[in-house]
Amino acid sequence: GGQNLRPQKQPQPELSPGLSLHFKSLLYELLYLCVLRYQLPEADRGGRFSDTERARLIAVTDYINAHYTEPVTLQEAAAVVALNPEYFCRFFKQQMGINFTRHVNQVRLSHIHHELIATEDPIMEIVDRNGFTNYKLFHKLFREIYGCTPREARQEAKENQEKSSHIKQILP
């Protein structure tokens, strides 16, 4: 009797840390997306935003989220909030803590990461579909943000999913 229970419980400690890590990574990605979309960094003048500034940031982030699959230019984003491009560039960096192009690329990367894990579509197709035109830049930024290549991220997610389904099979 005891020997039957032991093999069933042995995989649990081996698999649980990996699944726990995968789950935490998904939670962190969700948190990152929430912070990216809703938290506004403190401005140099004490963190107070005027209603106009807040409205501009919301309008720009909404525009980026709606158009990230297309080329999104600084000029277009500036026009959305009726600012000249030079001022908009400084405004965005000051308010968001990163420059406009970096923000657009981070939005694209988060969508690409999700699709890599959720689909079997070819990586280049996913990259193209999500608005990246420079594959070298995509690869560099992906590695910088996720600490691995897109292929490695997909493989790790697949392995974690297989481990998860294995646990479901052995648990009552």
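Bear in mind the structure is a predicted one, so any value in this text is a computation, not a measurement.

Right, let's get into the packing of helix H6 (residues 100–118) against helix H8 (residues 135–146). The axes of two packed helices give the description: the angle between them and the distance between them. For the pair H6 and H8, the least separation of the axes is 10 Å and the interaxial angle reads 80°. Considered as vectors, H6 and H8 are oriented roughly perpendicular to each other. Across the interface between the two elements, Arg 102, Asn 105, Gln 106, Leu 109, Ser 110, Ile 112, His 113 and Leu 116 from H6 touch Leu 137, Phe 138, Leu 141, Phe 142, Glu 144, Ile 145 and Tyr 146 from H8. Residues that form the contact of H6 with H8 fall into these classes: 9 nonpolar, 4 polar and 2 charged.

This next bit is on the packing of aromatic side chains. One pass over the structure, following the stated rule, counts 8 aromatic pairs. Within the aromatic cluster, the residues linked to one another by ring pairs are Phe 132, Tyr 135, Phe 138, Phe 142 and Tyr 146.

We now examine the environment of Ala 82. Looking at where Ala 82 falls in the secondary structure, it is placed in the loop between helix H4 (74–80) and helix H5 (85–96). For Ala 82, a relative accessible area of 67% corresponds to the exposed category. Once the C-alpha coordinates of Ala 82 and Arg 56 are considered, the two residues, 26 residues apart in sequence, prove to be 8.9 Å apart.

Here the protein chain averages 83 in pLDDT, and 78% of its residues register 70 or above. The least confident element of the protein chain is helix H1 (residues 2–9), whose mean pLDDT is 45; the most confident is H4, at 97. Contacts from residues 1–15, a stretch scored under 50 in pLDDT, to residues over four places away or in other chains number 8 contacts.

This next bit is on the nonpolar core. Grouped burial of nonpolar side chains is what soluble globular proteins tend to show. Val 60, Ile 64, Phe 88, Phe 92 and Phe 100 are the most contacted members of the largest nonpolar core, which totals 19 residues. Here Phe 100 is in contact with Val 60, Ile 64, Val 72, Thr 73, Leu 74, Ala 77, Phe 88 and Phe 92, once residues within four sequence places are set aside. Core analysis: the next-biggest nonpolar cluster, separate from the first, contains 12 residues, Leu 109, Val 127, Leu 141 and Cys 148 among them.

Here is what the cut-offs are and how they apply
Residues numbered from 1 in each chain as written. Predicted model: local features only at pLDDT ≥ 70, side-chain atom pairs only at ≥ 80, totals over all residues. Heavy atoms only, no water. Axes fitted to C-alpha atoms, helices over the stretch in contact; angles between N-to-C directions. Helix = DSSP H or I, 4+ residues; strand = E, 2+ residues; numbered from the N terminus. Parallel < 35°, antiparallel > 145°, perpendicular 65-115°, else oblique. Contact = heavy atoms within 4.5 Å. Nonpolar A, V, L, I, M, F, W, Y, C, P; charged D, E, K, R; others polar. Phe/Tyr/Trp six-rings, centres within 6.5 Å; stacked < 30°, edge-to-face > 60°. Buried < 20%, exposed > 50% of the residue type's maximum accessible area, 1.4 Å probe, protein only. pLDDT = per-residue confidence, 0-100. Core = buried A, V, L, I, M, F, W, Y, C linked by side-chain atoms within 4.5 Å.

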